[in-house]
Amino acid sequence: MQEKIIILDFGSQTTQLIGRRVRELNTYCEIVPYNKFPYDDNSVIGVILSGSPFSVYDEKAFRIELDRIRGHYPLLGICYGAQFMAYANGGKVEPADSREYGRANLTKVDEANPLLRGIEPGAQVWMSHGDTITELPANFHIIASTAEVPCAAYQIEGEEVWGVQFHPEVYHSECGTKLLENFVAGICGSTQSWSAESFIDSTVAELKQQLGDDKVVLGLSGGVDSSVAAVLLNRAIGKNLTCIFVDHGMLRKNEFRDVLRDYECLGLNVVGVDASAKFFSELAGVTDPETKRKIIGKGFIDVFDEEAHKIKDVKWLAQGTIYPDCIESLSITGTTIKSHHNVGGLPEKMNLKLCEPLRLLFKDEVRAVGRSLGMPEHLIKRHPFPGPGLAVRILGDITAEKVRILQDADDIFIRGLRDWNLYDKVWQAGVILLPVQSVGVMGDERTYERAVALRAVTSTDAMTADWAHLPYEFMAQVSNDIIRNVRGVNRVCYDISSKPPATIEWE
Ligand code: XMP
């Protein structure tokens, strides 16, 4: 049985990061909402309580009965998790002053404590809390302090229960990995055997069992998640998997052809459907961004449904949904901004059972699995690309000519990023065709042509992003190449807006 750590989520921004850190320690973990502890699951080897946007004494604060967890599993509370345990046992938690934010160094460390083994005084930790523990219950013992925070970490005497008021999961906590390793491996006894290979072996076996001889369809987008899901399923059920790759006409230059070839090389049973004429005609004259999205979403479902019906006896729809898409707890504070919409609406319409083999993986793990499956690096490292494609990068109405201009400009930009070894340094890049024309001069001719904006961002999850600080020499080259080679463009701008308040896409 797969041993696991449970992370109880009280709504902190860093809960997912705790999960990633634990996985980086080759230990499987699941993030569950604070009130959904899987009491029946006997593969749990330890529990972590996350931080929270609330104060423990807030009326709205998330509370749990600890009795069924404490004493049953090793327990580590982080920030709110630590404060909650202290508060619930009669300790005092009060507003902190501003010094309890940001970098701090441990001053006193009980190096003999199993949680802190190998961590020395001076180690840097990251503090971020509005409250602080000012009085500990009698049987709680301080095991680490900083200059400003006397109770940086504690243990309950005689119990496998610890609390830390700093955040070991953030990268700035230099000793964070060591501390988490001490907990996960040293205290909980994880065998640290979770890896891409072990995931592939167990998932392929489970898929064989689950799917038997059933037929499965999967919509490919050219993106990493659906591609890895397809290759994994192909390994499990081979030709019983049919992949459908729909060209809505808004893909990048030559992308349909190139990606289809990649898929075929990977041995996938893939049907490529060129439905661009349908989409162009339905999108003609439409300028509103959300209407464009709806037309493309619905058109995609129709085409996919029609193709899938050509295959006899399909029982399952497979999707490349990944863990961040489904962590229910992300919405426990009601602040979810982005909804996932890869092939939204399809399962309902097609009345098929859903198969989501990557639903427990983080993005970097999906990539690792793809690599272990032998997929080429250019497929694995592909930038994210929006489902509606270039349609949301052409501001205003869409015509075949505008798509051609944008594909050509985008191709120069993306090839340039690869040539200059910048592609892997940015999260995502693309070109936006603006609905403006401006005056220029080429040779002796006055021109009155279109302007394009280049967009390149750095990010870790697309929820926030900064514009990429690309070298001027590179931008000069790309600008020249676009204006010289793309008929219809005489001006190139660079978008220097961060998200928030801007978004990555312009529409
Ligand atoms: P924004 O523009 O909201 O984008 O900052 C965040 C990330 O989501 C992608 N994106 C989409 N993906 N369908 C998709 O499948 C869409 O309608 C869509 N809109 C934005 C965007 O490219 C970025 O990676």
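Residues numbered from 1 in each chain as written. Predicted model: local features only at pLDDT ≥ 70, side-chain atom pairs only at ≥ 80, totals over all residues. Heavy atoms only, no water.

## What about the confidence of the model for the chain?
Reasoning step 1: Mean pLDDT over the chain: 93, with 96% of residues reaching 70 or higher.
Reasoning step 2: Every residue in residues 335-343 is under pLDDT 50, and counting partners more than four places away or in other chains gives eight contacts. (pLDDT = per-residue confidence, 0-100. Contact = heavy atoms within 4.5 Å.)

## As for helix α3 (residues 176-187)
Reasoning step 1: An ideal rise of 1.5 Å per residue puts 16 Å on twelve residues; α3 measures up with 15 Å between its terminal C-alpha atoms.
Reasoning step 2: Inspection of α3 places Gly176, Leu179, Leu180, Asn182, Phe183, Val184, Ala185 and Ile187 among the buried residues, and these make up the whole buried set.
Reasoning step 3: For α3, the secondary structure elements touched by its buried residues are β1 (4-9), α1 (15-24), β3 (44-49), β4 (75-78) and β11 (161-164). (Helix = DSSP H or I, 4+ residues; strand = E, 2+ residues; numbered from the N terminus. Expected span 1.5 Å × (residues − 1). Buried < 20%, exposed > 50% of the residue type's maximum accessible area, 1.4 Å probe, protein only.)

## Thoughts on the nonpolar core
Reasoning step 1: Residues Val217, Phe413, Leu417, Leu470 and Ile482 are the most contacted members of the largest nonpolar core, which totals 50 residues.
Reasoning step 2: When residues of this core are assigned to their parent elements, the largest contribution, eight residues, is made by helix α13 (residues 400-419).
Reasoning step 3: Leave out the neighbours within four places in its chain, and Leu470 touches Phe413, Leu417, Leu422, Val426, Ala456, Met475 and Tyr494.
Reasoning step 4: Counting 43 residues, the second-largest nonpolar core is a separate cluster that includes Tyr28, Phe199, Val259 and Val369. (Core = buried A, V, L, I, M, F, W, Y, C linked by side-chain atoms within 4.5 Å.)

## Overview of the sheet that holds strand β15 (residues 314-318)
Reasoning step 1: Here we have five strands laid out as an open sheet, ordered β14-β13-β12-β15-β16, and parallel in their pairing. Of all the strands in the sheet, the pair left with one neighbour each is β14 (270-274) and β16 (353-355). Across the sheet, the mean angle from the axis of one strand to that of its neighbour is 30°, orientation sign disregarded.
Reasoning step 2: The sheet contact formed by strand β12 (residues 215-220) and strand β13 (residues 241-247) spans five bridges and is parallel. The residue of β13 that forms the bridge with Gly219 is Ile244. (Pairing = 2+ DSSP bridges. Axes fitted to C-alpha atoms, helices over the stretch in contact; angles between N-to-C directions.)

## Considerations on the pairing of β14
Reasoning step 1: Strand direction decides the pairing type here: β13 and β14, joined by five bridges, are parallel. Residue pairing in the sheet places Ile244 in a bridge with Val271 of β14.
Reasoning step 2: Each parallel crossover has a hand, and for β13 linked through helix α6 (residues 255-265) to β14 it is right-handed. (Right-handed = clockwise from strand over helix to strand, strands pointing away.)

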